[in-house]
Amino acid sequence: MKVKATSNLFKARAEQGLTIKELSIKADVPTATISRAENGSTLSAKSAGKLCTALSKSFETLFKIEK
């Protein structure tokens, strides 16, 4: 399953004062994946889940399922 980030992903990262690199380390997700997600590309549900955990946000807040 692929998911697409909403604009809330960037907002959540910015609110916590994290760079893409810092979030990458915290979530154990490659920086390129985060960058692509923030720019509209899809990512795996597993990576999305890790980002939700790292940012303490719900899946529904940060992502939508792509059909």
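Quick summary incoming for the structure in this document. (Residues numbered from 1 in each chain as written. Predicted model: local features only at pLDDT ≥ 70, side-chain atom pairs only at ≥ 80, totals over all residues. Heavy atoms only, no water.)

## Side note on the nonpolar core
Defined as follows: Buried residues of nine kinds, namely Ala, Val, Leu, Ile, Met, Phe, Trp, Tyr and Cys, make up a nonpolar core once their side-chain atoms join them within 4.5 Å. Each residue is assigned to one of three classes by its accessible area relative to the maximum for its type, calculated with a 1.4 Å probe on protein chains only: buried under 20%, partly exposed between the two thresholds, exposed over 50%. Working definition: helices are DSSP H or I runs of at least four residues, strands are E runs of at least two. Numbering for both runs from the N terminus. We call two residues contacting when some pair of their heavy atoms lies within 4.5 Å.
In this structure, Leu-9, Leu-23, Leu-43, Leu-51, Leu-55, Leu-62 and Phe-63 are the most contacted members of the largest nonpolar core, which totals 18 residues. Those elements giving two or more residues to this core turn out to be β1 (2-5), α1 (8-15), α2 (20-27), α3 (31-38) and α4 (45-55). The dominant element in this core, judged by the number of residues it contributes, is α4, at 5 residues. What Leu-51 contacts, discounting residues up to four positions off in sequence, is Leu-23, Ala-27, Val-29, Ile-34, Leu-43 and Phe-63.

## Remarks on the pattern of salt bridges
As a reminder of what qualifies: The term salt bridge refers to a pairing of a side-chain nitrogen on Lys or Arg with a carboxyl oxygen on Asp or Glu at a separation within 4 Å.
Taken as a whole and assessed by the stated rule, the structure comprises 3 salt bridges. Across the salt bridge formed by Arg-13 and Glu-38, the nearest N and O atoms sit 2.7 Å from each other. Linking Arg-13 in helix α1 with Glu-38 in helix α3, this pair joins segments that are 25 residues apart in sequence. By relative accessible area, Arg-13 is classed as buried at 10%. The closest approach of N and O atoms between Asp-28 and Lys-50, which form a salt bridge, is 3.7 Å. Taken as a pair, Asp-28 in the loop between α2 and α3 and Lys-50 in helix α4 lie far apart in primary sequence, 22 residues in all. Overall, the relative accessible area of 57% leaves Asp-28 in the exposed class. According to the relative accessible area criterion, Lys-50 is partly exposed, its value standing at 29%.

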